[in-house]
Amino acid sequence: MSIEQAIAIAVLQGVSELFPVSSLGHAVVVPALLHWHIDRNDPTYLAFLVVLHLGTAIALLIFYRDAWAKIARACVAALVRGKISDNRDEKIAWLVILGTVPVGILGVFLEKPVRALFGSTLIVAIFLVINAFVMFGGEALRRRSTANDRPLEALTWLDAIKVGLAQSLALLPGISRSGCSIVAALLLKTSHEDAAKYAFLLATPVIFAASLLELPKLFAPEVHLALVNSLVGGVVAAVTAYFAVAFLTKYFQENDLRPFGWYCLLLGGVTAVLSLTKVIA
Amino acid sequence: MKIVALAVAAISFILAALYFTGHGPLASPHKVHVSHGVLFVAIALASLVWYRLQSAPPTNAS
């Protein structure tokens, strides 16, 4: 992998991890469309991906540093008191923690077998199309509802589990983590802005945990050969992710998921056709 | 529910130890499953947190 490819993949990771377009799907589809022959099992590539994910997680942590500081204080306060109060920050803190549980459990047991089963370009393209319809369907159902937006702290513990389970659908390559989380929160009557914030807060510990568990890959013998690519890629992914979350936070104040749905439909459709006609592997 | 929380914590710690030592249920024999072990440690800690959050003294209604 050249440094230019490393930078391109890092930008792709930083953007697609947060935009509701499936980073895993793009990691499969884009190299196939560009005829980049990247060995996804090469230890240097795996180490590179770990650093990209760490960069993305750090960017999210920095962007939401105030929120995470409040979450940490709220958790400590609840533990000292022995009870969760009605305080808004405390409620949101525990909603984030609870929402992380389903994907934590399912990810450990299912991630590798699911990727092995569904890793082909054609299947990823089909899931991208499904991702598009998830977003279209979510937006249609939300618009049909006449209820006013619920504030985030009005979600129940069961609602947090439901959003967490929706996030787990992203184990399927081509299904977007943020897209599913946002749709689930929208169906629970939150605003787009709150749904996006909740989705990005939920994503942070998941991405961090996944990176930390894969950290040993950074110490494989051959990894030093790709040190420059990994460091540059990590920084680029972090910067790109920061700007991506800043853009999306502003975007969802007034807009919705449908443009991303059209994008996934187009990308998935084109990739499926090219894959079926053997233009791409 | 406090007893349930403690039981889940104890079972999770045991499962974590089994996975870290290569004896985890439903796993490849004699293979250390670090991620499974870490998961069960996290579940155990979460159960202890759940136990703690049930520990506040009852408030008297005025």
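Just above, that's the structure.
Let me begin by describing the structure that accompanies this report. (Residues numbered from 1 in each chain as written. Chains lettered and ligands numbered in written order. Predicted model: local features only at pLDDT ≥ 70, side-chain atom pairs only at ≥ 80, totals over all residues. Heavy atoms only, no water.)

Some thoughts on the overall build of chain A
So, step 1. Scanning chain A for helices and strands turns up eleven helices and zero strands.
So, step 2. Taken over C-alpha atoms, the radius of gyration comes to 19 Å for chain A, in line with the 19 Å a tight globule of 281 residues would show.
So, step 3. Overall, the C-alpha framework of chain A stretches about 55 × 45 × 35 Å when taken along its three principal axes.
So, step 4. Taken across its 281 residues, chain A has 49% of its residues classed as buried. (Helix = DSSP H or I, 4+ residues; strand = E, 2+ residues; numbered from the N terminus. Rg over C-alpha atoms; globule rule 2.2 N^0.38 Å. Buried < 20%, exposed > 50% of the residue type's maximum accessible area, 1.4 Å probe, protein only.)

Regarding the state of the cysteines
Residue and element names in this part refer to chain A.
So, step 1. Per the counting criterion, the structure on display carries zero disulfides over all chains.
So, step 2. Residue Cys 180 stays outside any disulfide, its sulfur separated by 10 Å from that of Cys 264, the closest cysteine.
So, step 3. By relative accessible area, which is 4% here, Cys 180 ends up buried. (Disulfide = S-S within 2.5 Å.)

A word on the interface of chain A and chain B
So, step 1. Contacts between chain A and chain B engage 13 residues on the former and 13 residues on the latter.
So, step 2. Across the chain A to chain B interface the summed buried area is about 1,000 Å²; carbon plus sulfur atoms make up 76%.
So, step 3. Viewed at the interface, chain B and chain A are joined by zero salt bridges.
So, step 4. Inspection of the chain A/chain B interface yields two residue pairs in polar contact (both at pLDDT 80 or more).
So, step 5. Mapped by element, the contributors of at least two residues to the side of chain A that touches chain B are helix 4 (65–81) and helix 5 (88–118) of chain A.
So, step 6. Ranked by the residues each element gives to the side of chain A that touches chain B, the list is headed by helix 5 of chain A, at five residues.
So, step 7. Counted by class, the side of chain A that touches chain B contains nine nonpolar, two polar and two charged residues. (Contact = heavy atoms within 4.5 Å. Buried area = accessible area lost by both parts, 1.4 Å probe. Salt bridge = Lys/Arg side-chain N within 4 Å of Asp/Glu carboxyl O. Polar contact = N/O pair within 3.5 Å; in protein donor to acceptor, adjacent residues only side chain to side chain. Nonpolar A, V, L, I, M, F, W, Y, C, P; charged D, E, K, R; others polar.)

A word on the packing of helix 1 (residues 2–20) of chain B against helix 2 (residues 34–52) of chain B
Residue and element names in this part refer to chain B.
So, step 1. Put simply, helix 1 and helix 2 touch, their axes get as near as 8 Å, and they point 165° apart. On the basis of the axis angle, helix 1 is roughly antiparallel to helix 2. Remark: the crossing between helix 1 and helix 2 carries left-handed chirality.
So, step 2. In terms of residue class, the contact of helix 1 with helix 2 is made up of 20 nonpolar, four polar and one charged. (Axes fitted to C-alpha atoms, helices over the stretch in contact; angles between N-to-C directions. Parallel < 35°, antiparallel > 145°, perpendicular 65-115°, else oblique. Left-handed = near helix turned anticlockwise from the far one by under 90°.)

Quick look at the packing of aromatic side chains
So, step 1. Summed over all chains, the structure comprises 14 aromatic pairs over all chains.
So, step 2. Aromatic pair Phe 133 of chain A and Phe 136 of chain A: ring centres 5.9 Å apart, planes at 75°, arrangement edge-to-face. In this pair, Phe 133 of chain A and Phe 136 of chain A both sit in helix 6 (residues 121–144), three residues apart, roughly one turn of the helix.
So, step 3. Of the residues examined, Phe 133 of chain A reaches a relative accessible area of 49% and is grouped as partly exposed.
So, step 4. For Phe 136 of chain A, a relative accessible area of 17% corresponds to the buried category.
So, step 5. Here a set of aromatic residues connected by ring pairs shows up, and it is made of Phe 19, Phe 247, Tyr 251, Phe 252 and Phe 260 of chain A.
So, step 6. Between the NZ or CZ atom of Lys 91 of chain A and the centre of the ring of Trp 157 of chain A, over which it lies, the distance is 5.2 Å.
So, step 7. Sitting over the face of the ring of Tyr 51 of chain B, Lys 2 of chain B holds its NZ or CZ atom 5.4 Å from the ring centroid. (Phe/Tyr/Trp six-rings, centres within 6.5 Å; stacked < 30°, edge-to-face > 60°. Lys NZ or Arg CZ within 6 Å of the ring centre and 35° of its normal.)

Description of the packing of helix 2 (residues 23–33) of chain A against helix 11 (residues 258–276) of chain A
Residues and elements named next belong to chain A.
So, step 1. Packing of helix 2 against helix 11 brings their axes to within 11 Å, and their N-to-C directions diverge by 55°. The angle between helix 2 and helix 11 places the two elements in the oblique class. Relative to helix 11, helix 2 is oriented so that their crossing is left-handed. Each of His 26, Val 29 and Leu 33 in helix 2 lies in contact with helix 11, whose residues at this interface are Tyr 263, Leu 267, Thr 271 and Leu 274.
So, step 2. For the contact of helix 2 with helix 11, the residue count by class is five nonpolar, two polar and no charged.

Overview of the pattern of salt bridges
Think of it this way: side chains of opposite charge can pair up when their charged atoms draw near.
So, step 1. Using the criterion set out here, one finds eight salt bridges over all chains in the structure.
So, step 2. The structure contains a network of salt bridges with shared partners spanning Arg 88, Asp 89 and Glu 153 of chain A.

Remarks on the environment of Asp 66 of chain A
Residue and element names in this part refer to chain A.
So, step 1. Relative to the assigned elements, Asp 66 resides in helix 4.
So, step 2. Asp 66 gets classed as exposed once you look at its relative accessible area, which sits at 56%.
So, step 3. Spatially, the C-alpha atoms of Asp 66 and Arg 40 are 36 Å apart, while their sequence positions differ by 26 residues.

A word on the nonpolar core
So, step 1. Ranked by size, the top nonpolar core spans 60 residues in total, and within it Tyr 198 and Phe 260 of chain A carry the most contacts.
So, step 2. Listed in part, the eight residues of the second largest apolar core include Ala 6, Ile 9, Tyr 45 and Phe 48 of chain A. (Core = buried A, V, L, I, M, F, W, Y, C linked by side-chain atoms within 4.5 Å.)

Considering helix 1 (residues 3–16) of chain A
Residues and elements named next belong to chain A.
So, step 1. The terminal C-alpha atoms of helix 1, which comprises 14 residues, lie 20 Å apart, in line with the 20 Å expected from a rise of 1.5 Å per residue.
So, step 2. Among the residues making up helix 1, those that are buried are Gln 5, Ala 6, Ile 9, Ala 10, Gln 13, Gly 14 and Ser 16.
So, step 3. Each element contacted by the buried residues of helix 1 is listed here: helix 2, helix 3 (43–63) and helix 10 (227–251). (Expected span 1.5 Å × (residues − 1).)

Here we look at the side chain of Thr 56 of chain A
Residue and element names in this part refer to chain A.
So, step 1. In this fold, Thr 56 is placed in helix 3.
So, step 2. A polar contact of 3.3 Å, which involves the side chain of Thr 56, links it to the side chain of Gln 13.
So, step 3. The residues contacting Thr 56, other than those within four sequence positions of it, are Gln 13, Glu 17, Ile 207, Ala 237, Ala 238 and Ala 241.

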